[in-house]
Amino acid sequence: MGNSYYIDEEVIANLKEDYLEARKLLDEDSKNDLETEPYKSKYAAMKKFKNMQNLLSNFVDNAQQETEVTAMLAVVYLNEGIIATDTEELKSGQDYLMNCINVLSKTEINAKSILPMLSALNQLGILWSKLDDTSKAKEYLERAEKQFKDYKSLKIKESPPVNMSTLFGIDDSNEPLATEIMEKLYTLTLYYLAQIYGNLGDLIKSSVYCHMTLRRQLEMNDFDSIDWALNCATLSQFFMEKEGFQQARHHLAAATHIVGKYEDTLKEMSSKELHNENEKEILDSKWENFRHRSADISRCWAKYGILLLSSSRDRLIEKNENVNDKFMPDSANMQADPKSDITQECLNNLKFYSIKNDIAHIANNIIDKYLLDFNDAKAVFLNVQKWLDDAKTFYTLENHASDYIQIIQDTSQLYKYLSFFEEDEDRQAKMHKRRIDLLESTIKELNERYYLNACRQIWMELGETYSEILDIKLDRLKDSDERPTPHILSKINHLAKSSIHNFDKFVESVKKDTKNDKFTDDLVRPTLCAYFHLGRLYNKFITPDKKLQVDNLKKSLDAYSYLVNYCEKDQKTAALMSEELNICKDFVKLLPVKMNKLTYEISRAS
């Protein structure tokens, strides 16, 4: 041990002074840097760390306090890496962070080295993510995850982590506990991994890591209520789209619970006397943010209900057509992906156990299983209707037109899906009529120029809705032995005209913006579907006037022919429209025969 020696007190004092000055430059002074010199304080801090690096490098290989010196040098490299990255010197940042890890890798991970190690690995994950090398980012973040788990299971009881500032002899009572910092660093690791797995296409694993992040924030009471609730509600959207209604409902209930607690806090703040205008403005801003995000969570709940209705409808249709007796589960639960290493058990346990009892009554307001009949569907319908009404208190037509329009369209879809579960045809027709009233009263308020996409969507939906009522009336007429009254015939023709009017409005708006009769990819299918509907609708008119019948058949033939001709010139579109195309081809052959027969009868009669 003859060559080993301690770092003398003077060097330690210099290190402590430099560290304190560098932290002050980074934590306080940098906030006041001028726009003309945005990195002035960071560059000054870098000089301090460079000085510390030079001092420590002389001791790192032969000091008796090797573990401590190594950890101190690693902290210096870590800070240099963060500064270099912040000042957009990514290559230097990478080098410093790798130095930090390499220095620490020489010894087994310990109480003094765990915090700089986790920090450096997280930073490298962020850095490689910025450089668009997701696999490299994943490698460092998964290493951070493993280091945390290993340390937690093996070391923490015998040696709890040490704060980085403590290494330099600084005892800051305001600094969080080292264990707390370590837990926060791990939460960040999980958060970054959630993004990385998402970027790599493993969406189920990404969602699990998002949940783990939210759960840890909740358990550590380290979160902003509105942000947490919004992230939780957003995650529910992924689950419900994967048929994970159990997981989605739990996350939405948690979001509602946290927002409710935040509202109580705001009410308490509002009940106290405010001392100045600034405090009042801050509180008003918080209330406005609360109203905004509460409306967003209501919309997420509404989407849950609409998707549950839609999925239940599709499942009942499939069950009815299921000739192979394929097993179809009653519970609506997200299934594990064989390509992901996330197990079914893990998916079934995505819960916030710390608030499970608090949120049970919220979750129980709505079912999380497939709906089987009208009573099931109506209970969901009433809940969704309430959530959409809640959302409209914030998203008004005057202040948030685009969102308001989407809420109206959601309401229309809600009636559409409920009508599937309704067996009485009159009540079905009334539900579709409610959709028409909603959509027509909304489109009257819209400027077509500014809200063209929304208008197009509404025209299509109105065309389809009038057509659905028409089909109900025609089916009833077909099943009836009685001769149709003039009123019924007039009603049928009015429905056909109204449907045609809306499809025509859609087609005209698209053609106005189309060059060379070639529709854009996003509009080709809806536009040709509109032509398909037009062909069908002109064939539905009921009139004793044979000349009018010929005119209607001609318009029907023109619409079908348009679709066939378009697809003949474009094979990609032909594949996209294969089902409709085959029907159109049949009508293009049949309709001229029908028209010739009618024309012959007209000429015979005259």
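Cut-offs used in this document
- Residues numbered from 1 in each chain as written.
- Predicted model: local features only at pLDDT ≥ 70, side-chain atom pairs only at ≥ 80, totals over all residues.
- Heavy atoms only, no water.
- Helix = DSSP H or I, 4+ residues; strand = E, 2+ residues; numbered from the N terminus.
- Rg over C-alpha atoms; globule rule 2.2 N^0.38 Å.
- Buried < 20%, exposed > 50% of the residue type's maximum accessible area, 1.4 Å probe, protein only.
- Axes fitted to C-alpha atoms, helices over the stretch in contact; angles between N-to-C directions.
- Parallel < 35°, antiparallel > 145°, perpendicular 65-115°, else oblique.
- Left-handed = near helix turned anticlockwise from the far one by under 90°.
- Contact = heavy atoms within 4.5 Å.
- Nonpolar A, V, L, I, M, F, W, Y, C, P; charged D, E, K, R; others polar.
- Core = buried A, V, L, I, M, F, W, Y, C linked by side-chain atoms within 4.5 Å.
- Expected span 1.5 Å × (residues − 1).
- Polar contact = N/O pair within 3.5 Å; in protein donor to acceptor, adjacent residues only side chain to side chain.
- Salt bridge = Lys/Arg side-chain N within 4 Å of Asp/Glu carboxyl O.
- pLDDT = per-residue confidence, 0-100.
- Disulfide = S-S within 2.5 Å.
- Phe/Tyr/Trp six-rings, centres within 6.5 Å; stacked < 30°, edge-to-face > 60°.
- Lys NZ or Arg CZ within 6 Å of the ring centre and 35° of its normal.

Draft legend 1. Highlighting the overall build of the protein chain. Counting its regular elements, the protein chain contains 22 helices and zero strands. By the compact-globule yardstick of 25 Å for 606 residues, the protein chain is too spread out, its C-alpha radius of gyration being 33 Å. When its C-alpha atoms are laid out on the principal axes, the protein chain stretches across 125 × 60 × 55 Å. In the protein chain, buried positions account for 47% of the 606 residues.

Draft legend 2. Local environment of unusual backbone geometry. At aspartate 132, a position not held by glycine, the phi torsion is positive, near 60 degrees. Relative to the elements of secondary structure, aspartate 132 occurs in the loop between α5 (114–130) and α6 (134–154). Positive phi, close to 50 degrees, is recorded for asparagine 221, a residue that is not glycine. As for its position among the elements, asparagine 221 is in the loop between α8 (203–219) and α9 (225–241).

Draft legend 3. Region of the structure containing the packing of α5 against helix α7 (residues 178–199). Contact geometry of α5 with α7 gives a least axis separation of 10 Å together with a crossing angle of 20 degrees. Between α5 and α7, the crossing angle belongs to the class labelled roughly parallel. For the pair α5 and α7, the crossing hand works out as left-handed. Packed against α5, whose contacting residues are Ile114, Leu115, Leu118, Ser119, Asn122, Ile126 and Ser129, the element α7 presents Ala178, Ile181, Met182, Leu185, Leu188, Thr189, Tyr192 and Ile196 at the interface. Here the residues of the contact of α5 with α7 sort into eleven nonpolar, four polar and no charged.

Draft legend 4. The nonpolar core, seen in detail. In this structure, Phe49, Phe168 and Leu528 are the most contacted members of the largest nonpolar core, which totals 185 residues. No other element matches helix α11 (residues 277–321), which puts twelve residues into this core. Beyond its immediate stretch of four places on either side in the chain, phenylalanine 168 contacts Leu15, Lys16, Tyr19, Met52, Met72, Val75 and Val76.

Draft legend 5. Quick peek at α11. Taking 1.5 Å per residue, 45 residues should reach 66 Å; α11 reaches 66 Å between its end C-alpha atoms and fits that length. Where α11 starts, the residue carrying a side-chain oxygen 3.1 Å from the main-chain nitrogen of asparagine 278 turns out to be asparagine 276.

Draft legend 6. Focus on the packing of helix α19 (residues 521–538) against helix α22 (residues 578–605). Across the interface, α19 lies against α22 with an axial gap of 11 Å and an inter-helix angle of 30 degrees. Overall, the two elements α19 and α22 adopt an arrangement that is roughly parallel. In terms of crossing hand, the pair formed by α19 and α22 is left-handed. Residue-level inspection shows Arg525, Cys529 and Phe532 of α19 in contact with α22, the latter providing Glu580, Ile583 and Cys584. For the contact of α19 with α22, a count of residues per class yields four nonpolar, no polar and two charged.

Draft legend 7. Region of interest: the pattern of salt bridges. A complete count under the given rule lists 39 salt bridges for this structure. A salt bridge links lysine 205 to aspartate 341, with the shortest nitrogen-to-oxygen separation between them at 3.0 Å. Of this pair, lysine 205 sits in helix α8 while aspartate 341 sits in the loop between α11 and α12 (344–348), placing them 136 residues apart in sequence. Residue classification places lysine 205 among the buried positions, given a relative accessible area of 10%. Between aspartate 426 and arginine 476 there is a salt bridge; the shortest N-O distance is 3.0 Å. Taken together, the residues span a long stretch of sequence, with aspartate 426 in helix α16 (residues 425–443) and arginine 476 in helix α17 (residues 452–479) at a distance of 50 residues.

Draft legend 8. Fine view of the confidence of the model for the protein chain. The predicted model of the protein chain averages 92 in pLDDT, with 96% of residues at 70 or higher. Contacts of residues 1–5 to residues separated by more than four positions or lying in other chains number ten contacts, the stretch itself having pLDDT below 50.

Draft legend 9. View of the environment of asparagine 320. Mapped onto the secondary structure, asparagine 320 falls in helix α11. The class of asparagine 320 is exposed, set by a relative accessible area of 69%.

Draft legend 10. Representation of the environment of serine 236 in the model. Looking at where serine 236 falls in the secondary structure, it is placed in helix α9. The sequence separation of serine 236 and phenylalanine 374 amounts to 138 residues, and the corresponding C-alpha distance is 25 Å. With residues near it in sequence (within four places) discarded, serine 236 still touches Ala248, His251 and Leu252.

Draft legend 11. Region of interest: the state of the cysteines. What the rule picks out here adds up to zero disulfides. As a non-bridged cysteine, cysteine 346 has cysteine 210 as the owner of its nearest cysteine sulfur, 13 Å distant. Not part of a disulfide, cysteine 567 finds its nearest cysteine sulfur in cysteine 584, a span of 7.8 Å.

Draft legend 12. Representation of the packing of aromatic side chains. Taken as a whole and assessed by the stated rule, the structure comprises 23 aromatic pairs. Ring centres of tyrosine 538 and phenylalanine 541 lie 6.2 Å apart, and the angle between their planes is 45 degrees; this geometry places the pair in the tilted category. Across this residue pair, the class does not change: tyrosine 538 and phenylalanine 541 are buried. Joined through ring pairs, the aromatic side chains of Phe245, Trp301, Tyr304 and Trp387 make up one cluster. When the ring centre of tryptophan 128 is taken as origin, the NZ or CZ atom of lysine 136, which lies over that ring, is 5.8 Å away. A cation sits over an aromatic face here: arginine 299 above tyrosine 395, 5.0 Å from the ring centre.

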